[in-house]
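Coordinate inspection notes
Listed below, chain by chain, are the residues.
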Amino acid sequence: MSTLDFDIAIVGGGLVGASLALALAPHWRVALVERRAPAVPAGLPDDDWDNRVYAISPGSQRFLESIGGWQVPAGRVGRIREMDVRGDTGGALRFDALELAADRLAATVENRALQAALWQALAGRVELIAPATLVAAEFGAEAVSLTLDDGRVLRARLAVAAEGAQSWLREAAGIAVRRWPYQQKGVVANFRCARPHGDIARQWFRADGVLAWLPLPGNRISIVWSTDDARAAELCALAPAELAERVAGAVGRPLGELTTLTPAAAFPLVLGRAERCIGPRLALVGDAAHTIHPLAGQGVNLGFGDAAALAATLLPGRDPGDAMLLARYARARAEDVILMQSVCDGLQKLFSTQDPLLGRLRNFGLRLTHRAGPLKRMLMRQAFR
Ligand SMILES: Cc1cc2nc3c(=O)[nH]c(=O)nc-3n(C[C@H](O)[C@H](O)[C@H](O)COP(=O)(O)OP(=O)(O)OC[C@H]3O[C@@H](n4cnc5c(N)ncnc54)[C@H](O)[C@@H]3O)c2cc1C
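Overview of the structure. (Residues numbered from 1 in each chain as written. Predicted model: local features only at pLDDT ≥ 70, side-chain atom pairs only at ≥ 80, totals over all residues. Heavy atoms only, no water.)

**As for the packing of aromatic side chains**
A complete count under the given rule lists two aromatic pairs for this structure. Here the aromatic rings of Phe63 and Phe304 are separated by 6.4 Å at their centres, their planes lie at 50°, and the arrangement is tilted. Of the two residues, Phe63 sits in helix H2 (residues 58-66) while Phe304 sits in helix H7 (residues 299-313), which places them 241 residues apart along the sequence. A single burial state applies to Phe63 and to Phe304, both of which are buried. A ring pair is formed by Trp204 and Trp213, whose centres lie 5.1 Å apart and whose planes are at 65°; its orientation type is edge-to-face. Note on Trp204: relative accessible area 12%, which makes it buried. Classification of Trp213 as buried rests on a relative accessible area of 1%. (Phe/Tyr/Trp six-rings, centres within 6.5 Å; stacked < 30°, edge-to-face > 60°. Helix = DSSP H or I, 4+ residues; strand = E, 2+ residues; numbered from the N terminus. Buried < 20%, exposed > 50% of the residue type's maximum accessible area, 1.4 Å probe, protein only.)

**Considerations on the site of the ligand**
Not every one of the 26 residues close to the ligand is listed here, only the nearest: Glu34, Arg52, Tyr54, Asp287 and Gly299. Tyr54 places a side-chain nitrogen or oxygen 2.8 Å from an oxygen atom of the ligand. In the model, an oxygen atom of the ligand is placed 2.8 Å from a nitrogen or oxygen of the Asp287 side chain. Relative to its unbound accessible surface of 1,000 Å², the ligand loses 87% to contact with the protein. Contributing elements (two or more residues each) for the shell around the ligand: helix H1 (15-24), strand E3 (53-56) and H7. (Near = heavy atom within 4 Å. Polar contact = N/O pair within 3.5 Å; in protein donor to acceptor, adjacent residues only side chain to side chain. Areas by Shrake-Rupley, 256 points an atom, 1.4 Å probe, with all protein chains shown as cover.)

**Some remarks on the packing of H2 against H7**
In contact at an axis separation of 9 Å, H2 and H7 are set at 45° when each is read in the N-to-C sense. In terms of axis orientation, H2 runs oblique to H7. In the crossing of H2 with H7, the sense of the turn from one axis to the other is left-handed. On H7, the residues that touch Ser60, Phe63 and Leu64 of H2 are Asn301, Phe304, Ala307 and Ala308. Split by residue class, the contact of H2 with H7 holds five nonpolar, two polar and no charged. (Axes fitted to C-alpha atoms, helices over the stretch in contact; angles between N-to-C directions. Parallel < 35°, antiparallel > 145°, perpendicular 65-115°, else oblique. Left-handed = near helix turned anticlockwise from the far one by under 90°. Contact = heavy atoms within 4.5 Å. Nonpolar A, V, L, I, M, F, W, Y, C, P; charged D, E, K, R; others polar.)

**Topic: the sheet that holds strand E4 (residues 78-80)**
With antiparallel pairing, the three strands of this open sheet are ordered in space as E3-E7-E4. Taken across any chain shown, the strands that pair with only one partner, and hence form the sheet edges, are E3 and E4. Strand after strand, the sheet turns through a mean of 30° between neighbouring axes, direction not considered. Where E3 meets strand E7 (residues 106-110), four bridges bridge the pair, whose relative direction is antiparallel. The partner of Ile56 across the bridge, within E7, is Ala107. (Pairing = 2+ DSSP bridges.)

This is how it looks when you write it as structure tokens:
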């Protein structure tokens, strides 16, 4: 049985774990353990689009550029220049990048394309251990020992759990998670549209959930329809032409007819927070630490925020598992995570209530926010930084 020594072992090579590994690589000996061997496609066919598409905030994009992880082909990156939010009874709110003197509010990019860019950038810079799964973890005073399913042992001064919502390492460390399931699913799919989308992201708060259309390059959009479990199952069972008709018809065909490019898939929506995001010689990042409703498209951005904060906290020359440094990381992330979770949860609850008075108030609130310049700019700076 061989033992391999590292400064930092990251478990989970999704977007958040891979970006953290890349950010740490210049200063530390880093191991990245991933249970699936990474697939890096040689090229992406024109009409083959991953149905998991993210709105990447300018701050996340700057972080990815700074670590060399934003080498996504230009033809696969869309931009959100404007955002058009509609309530269920006439309320409306519009955000325009010009109001922030910027050329975009966010970029849109596929999970697969960004994942491939990160894995390519990592090659030769960190020890990639994949496919591999952990079978044991021991948290000692000086180091963490992680045993892999092939018998190898990794010893590191800091372990990072980045395996997503069902983190094995978090459980092994005895850190509990509080979960509040929404009894909803996010239905995702991609479409070609008959009319140009104008780089406008559109979002409708409806009685049957929140429907978001994100612009992709060319006349294409990606949708997330957050809706109850029964309707999500119904949407996923529709034939491609019926699905396109349902999605276009639900909101009055603002882009003309739609054609389905990628069939619908659904993922469960859960508000979740680990009771702590650090432990002895352990840090949690991304969905391992928190999950969020997708109505503001912030899940992955929060995870990049964790990666950037942890990398900035681990000063070269210090012990990366130092409890004071880890406490600094936890403090740095607490406010952002709770604020974003509360805003998304509050909006979800406000728009899912059937109370007619609240129904009028929420639409009035959207109109008022649209007219109140300073409040709107404050919201924009928070959401699109
Ligand atoms: C269909 C879908 C659509 C979504 N759409 C949006 C959206 O529009 N906007 C948004 O912001 N968020 C969205 N999300 C949420 C977003 O995907 C997550 O917030 C984000 O992927 C979290 O990244 P992560 O790296 O923390 O975790 P993950 O992406 O879950 O990555 C975890 C990685 O760890 C690996 N792993 C797991 N267990 C182990 C183990 N024991 N050992 C080794 N490796 C392990 C996995 O293979 C995976 O590569 C969506 C999620 C889904 C499922």
